[in-house]
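Residues per chain, in single letters:
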Amino acid sequence: MANNYLSDRGPSFRKETIKLKPIPAYTFSKTLADEFKAKEITKSEVSDLYESMLVIREFEDMINKCRTGAYEVISDYNYRGPTHLSIGQEATASGVCSMLNITDLITSTHRGHGDSIAKGFHAIKQMTEQELRERCPEFSSLSGEELREAVMEDHIFRTIAELFGKEDGYGKGRGGGMHIADFRVGHLGANAIVGGGIPIATGAAMTCRIDDNMKGRVVCSFAGDGAYSNGVVLESLNWASQDQFDGPLAETKFGLPIIYCLINNHYGMTGRADGEVTGVDHLARRAAGFDNDNMHAEVVNGMDILAVRDAIGRAKALAKKGEGPILLEFDTYRYYGHSLSDPRNEYRTREEEARWKEVDPVVTFRRRILEAKIMNEKELSALEAKVAARNARAARRAADAPDPNPADVIKYMYTDGSSDVVPAAYADPKLYEPLPRAKRDANGMTTYRDAIKEGLCEEMARDKRVVLFGEDVAEYGGAFKLSKGMLEAFGRDRVLNTPISEACICGAAVGMAMTGYRPVAELMYMDFALMSSDQISNQAAKWHYMTGASTEVPLVVRCSVGGGKGYGGQHSQSLESMFAHIPGTYVAYPSNPYDAKGMIKTAVRTNNPVVFVEGQLLYNVKGVVPEEDYTVPFGVANIVREGSDVTIVAWGPAVADALKAAETLAGEGISAEVIDPRTLVPFDSEAIFASVRKTGRCVVVSQCVDIGSFTGEIVSQVVANCFDDLDAPVLKIGAKNGIAPQAYTLEEAFLPTAADIVAAVKKLY
């Protein structure tokens, strides 16, 4: 693949004035009567729009009444859970979703009941009878509107059931209302982390951009005004606007097909976007900082469902032509507080609320329907009664539905799924140039670095869904040259540089993984994982569980540890213990080239998210690595050296120190067994227990800072399970409980050594 990357620019300091393009606001001026007369909207569509908003309003009124027992049909039910209402914002949810296809995608927020209801509502309205029966096979005997109505009521039931934490909910009660999702209609999930869904939506748009089976789809990401001061959100806007997607560097010249729906209800929790926590009059101005075309930004009357539909229709047309991303600011209002525990009177007036209620989206649309004589009072009243009755039946059924079995409290933490068999559409993808090959000596030895590279290349060559991105991984080959030559082989759609945006790197990987791809995201140093820890720990780790196994998140976060190279406190931390503490992720740390190749292949193939740790001290270590395809299973420890007197458990670079210590101890008559667990999650505890029951002594060592290290977990497990077999206390060794220093003499003292291991073993005698 030709290198069109080399820059050949010179300085230019010509005097000029940088002019920003204007951002239009409130341009829609048509009335419902105008649109109906022009046949731009039908009576059926009008009815559906009104019903959609009614369903949301009825659902959220129910939540409000549940707190006081005023929702009579379930007055006996004690609802406990979040109460973040979006009453007042119905026109945004219904207006946006009414313009989307079933297969178009959304992400939403903690205040996302309305978005979820609207996406399902309008998808069900579009479904054929066959699709309705496939969604709800229990209604296969029904047909026509009776079938559609049954499926619609099931949608409301499952939404309420999830809110109530029931097994029949969309997430089997694991996620609740703040994390509700329905992947069957393209709803990738509401998000309780403010702004947390925006990088996920951005990643989903990356899949839609390059995947032949998803081209033509559009992603809409709902988030409130508060989110648009959040770092990962601003990273996402920059990410989506990159010139490499549609400029000269692009392989597929197509801008990300995403519409950022900024739902400006004017309050974060209580902080005001206007005149307090931002310095702009309209948040749509944010777009000017990322794109010369302002991301086609505009401000829209979010209380007018027709204005919302008009804006989304135009935005969707742009996205489908490859002219995304688009940012739309919907000016709307939240009638209630952040939650029902917020009385609102400490930061806004009743008069302000009254002025907004004068343009209430539901009431106003009803009045306009009557004025345009599209439906009469009797028809509207009948529709309102139908919606109320449907919600009441669904609520009663949800309240009576079974709770999850306490025995299943951690069911769905991990998946057994894998990509051992690649779907035909993605098998044997196109190569632009031959794969880069690892250099081997006469004994078949290659480096740890090249072993990882070879494993990645093999996986990318067998499965088109595997993509690699990170800072400087393309032409330059990454900071450590591990990916050199991969761009030329696989092309820029699959190997691409990213902005220095660690949070969005990992968030975009989550979005691609949730839409069927298998991204490998590179973080240059493990220290930088702290900047992206929300997307790793709250997103990648949790979505399989929170959706009751409705989705899988097959991604790899590659991160290297710089300890031992004099890089100081912010480039030297071995943080694998931190991520081992986060249920939902696998944590792997190969110690040698053979394992490095086999484990990166396993990491790519598992459908679980993997934090894959690489030791920079190991990159040049050589070992025998077969050229053929092989994998190393996770959760299976490696007995590196057999022994009979003491068990030494170590991983990563500490394995080499343990082997040196074992040699020294052997000279003194002590036979040490060295075990490399390979993965901390899953952890092969039985291999450790079996060894300790044989040797009676145990020392656990890693380069993690000693306090809070996973070494302590291993010690705890050994003591609890092998107490009667122990002849001495179990000891652990790690880096000093301090900050990694730059000075050579200090770092040498900071990290554990073979001599430290020998000394620890001798304490056991």
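Details of the structure are given in the entry above.
What you see is a predicted model; the values in this text were computed from it and never measured.

Peer 1: Just give me the short version of the overall build of the protein chain, but keep the residues and values in it.
Peer 2: Counting its secondary structure elements, the protein chain contains 24 helices and 19 strands. The globule rule puts the C-alpha radius of gyration for 765 residues at 27 Å, and the 29 Å found for the protein chain is close to it. Its C-alpha atoms give the protein chain principal-axis dimensions of about 95 × 70 × 55 Å. In the protein chain, buried positions account for 59% of the 765 residues.

Peer 1: Go over the side chain of Ser 339 with me, naming the residues and quoting the values.
Peer 2: Residue position: Ser 339 is located in the loop between strand 5 (326–331) and helix 10 (350–357). Once residues lying within four places of it in the same chain are set aside, the contact partners of Ser 339 are Thr 83 and His 84.

Peer 1: Go over the sheet that holds strand 12 (residues 610–615) with me, naming the residues and quoting the values.
Peer 2: Within the open sheet, the 7 strands sit side by side as 8-7-9-10-12-11-17. Their pairing is mixed. This sheet does not close on itself; its edge strands, each paired only once, are strand 8 (495–497) and strand 17 (679–681). Between one strand axis and the next, the sheet turns by 20° as a mean value, whatever way the strands run. Examined bridge by bridge, strand 11 (residues 586–588) and strand 17 share 2 bridges and lie antiparallel to one another.

Peer 1: Mind laying out the sheet that holds strand 4 (residues 298–301), listing which residues take part and the relevant values?
Peer 2: Taken in spatial order, the 5 strands line up as 1-2-3-5-4 in an open sheet, and their pairing is parallel. Bordering the open sheet on either side are strand 1 (105–107) and strand 4, each of which pairs with just one other strand. Averaged over all pairs of adjacent strands, the angle between strand axes in this sheet comes to 25°, irrespective of strand direction. Two strands pair when backbone bridges link them, and strand 4 and strand 5 are joined in this way by 4 bridges, in the parallel orientation. Paired with Val 299 across the bridge in strand 5 is Glu 329.

Peer 1: Break down the environment of Ile 739 for me, with residues and values.
Peer 2: Residue position: Ile 739 is located in the loop between strand 19 (731–735) and helix 23 (744–750). Expressed as a C-alpha distance, the spacing of Ile 739 and Ala 720, which sit 19 residues apart in the sequence, is 31 Å.

Peer 1: Let's hear about unusual backbone geometry: which residues, and what values?
Peer 2: In terms of backbone geometry, most residues other than glycine have negative phi values and most peptide bonds are trans. Cis rather than trans, the peptide bond between Gly 324 and Pro 325 has omega equal to 5°. In this model, Val 681 is joined to Pro 682 through a cis peptide bond whose omega is -5°. Residue placement: Pro 682 occurs in the loop between strand 17 and helix 21 (685–695). The backbone of His 296 sits at a positive phi, close to 55°, despite the residue not being glycine. Note that His 296 resides in the loop between strand 3 (258–264) and strand 4. Even without being glycine, Asp 472 reaches a positive phi, approximately 65°. Within the fold, Asp 472 resides in the loop between strand 7 (466–470) and helix 14 (486–490).

Peer 1: Could you give an account of the nonpolar core, with specific residues and numbers?
Peer 2: Counting residues in hydrophobic clusters, the biggest one holds 128 residues, and the most contacted among them are Tyr 228, Leu 327 and Phe 469. Looking at this core, the element that brings in the most residues is helix 15 (residues 502–514), giving 10 residues. When neighbours within four sequence positions are excluded, Phe 469 is seen to be in contact with Trp 239, Leu 496, Thr 498, Ile 505, Ala 508, Ala 509, Met 512, Pro 519, Val 520, Ala 521 and Glu 522. Formed by 86 residues, the second largest nonpolar core is a distinct cluster that contains Val 46, Val 218, Leu 328 and Ala 392.

Peer 1: Would you mind going over the packing of aromatic side chains in detail, with residue names and values included?
Peer 2: Each aromatic ring pair is specified by the distance between its two centres and by the angle formed by the two planes. One pass over the structure, following the stated rule, counts 18 aromatic pairs. A centroid spacing of 6.4 Å and a plane angle of 75° characterise the contact between Tyr 267 and Tyr 333, whose relative ring orientation is edge-to-face. One end of the pair, Tyr 267, is in the loop between strand 3 and strand 4; the other, Tyr 333, is in the loop between strand 5 and helix 10, with 66 residues separating them in the sequence. Note on accessibility: Tyr 267 and Tyr 333 belong to one class, buried. Plain terms: the ring middles of Tyr 426 and Tyr 517 are 6.2 Å apart, the flat faces sit at 85° to each other, and that makes the pair edge-to-face. Taken together, the residues span a long stretch of sequence, with Tyr 426 in the loop between helix 12 (377–400) and strand 6 (445–447) and Tyr 517 in the loop between helix 15 and strand 9 (518–523) at a distance of 91 residues. Residue Tyr 426 shares its accessibility class with Tyr 517, and that shared class is buried. Following the ring pairs from residue to residue traces out a cluster consisting of Tyr 448, Phe 480, Tyr 525, Phe 528, Tyr 567 and Tyr 619. The aromatic ring of Tyr 765 is capped on one face by Arg 697, whose charged end is 4.0 Å from the ring centroid.

Peer 1: Please provide a residue-by-residue account of the pairing of strand 16 (residues 672–676), values included.
Peer 2: Of all 5 residues that make up strand 16, 5 are buried, and the element is covered over most of its length. The two faces of strand 16 match: Ala 672, Val 674 and Asp 676 on one face and Glu 673 and Ile 675 on the other face are all buried. Sheet topology places strand 14 (residues 638–641) next to strand 16; 3 bridges connect them, and they run antiparallel. Residue pairing in the sheet places Arg 641 in a bridge with Val 674 of strand 16. For the crossover that starts at strand 15 (residues 646–650), traverses helix 20 (residues 654–667) and ends in the parallel strand 16, the hand is right-handed.

Peer 1: Describe the pattern of salt bridges, and please don't skip the residues or the numbers.
Peer 2: Under the definition given, this model contains 55 salt bridges. Close ionic contact of Glu 149 with Arg 390 constitutes a salt bridge, the shortest N to O distance being 2.8 Å. Pair noted here: Glu 149 is in helix 6 (residues 144–163) and Arg 390 is in helix 12, with a separation of 241 residues, a long-range link. Asp 706 serves as the salt-bridge partner of Lys 732, at 3.1 Å between the closest nitrogen and oxygen. Highlighted residues: Lys 732 in strand 19 and Asp 706 in the loop between strand 18 (698–705) and helix 22 (710–722), separated in sequence by 26 residues. Since its relative accessible area comes to 35%, Lys 732 is described here as partly exposed. Via salt bridges that share partners, Arg 440, Glu 454, Glu 458, Glu 459, Arg 462, Lys 597, Lys 601, Arg 605 and Asp 629 belong to a single interconnected network.

Parameters and conventions
Residues numbered from 1 in each chain as written. Predicted model: local features only at pLDDT ≥ 70, side-chain atom pairs only at ≥ 80, totals over all residues. Heavy atoms only, no water. Helix = DSSP H or I, 4+ residues; strand = E, 2+ residues; numbered from the N terminus. Rg over C-alpha atoms; globule rule 2.2 N^0.38 Å. Buried < 20%, exposed > 50% of the residue type's maximum accessible area, 1.4 Å probe, protein only. Contact = heavy atoms within 4.5 Å. Pairing = 2+ DSSP bridges. Axes fitted to C-alpha atoms, helices over the stretch in contact; angles between N-to-C directions. Core = buried A, V, L, I, M, F, W, Y, C linked by side-chain atoms within 4.5 Å. Phe/Tyr/Trp six-rings, centres within 6.5 Å; stacked < 30°, edge-to-face > 60°. Lys NZ or Arg CZ within 6 Å of the ring centre and 35° of its normal. Right-handed = clockwise from strand over helix to strand, strands pointing away. Salt bridge = Lys/Arg side-chain N within 4 Å of Asp/Glu carboxyl O.

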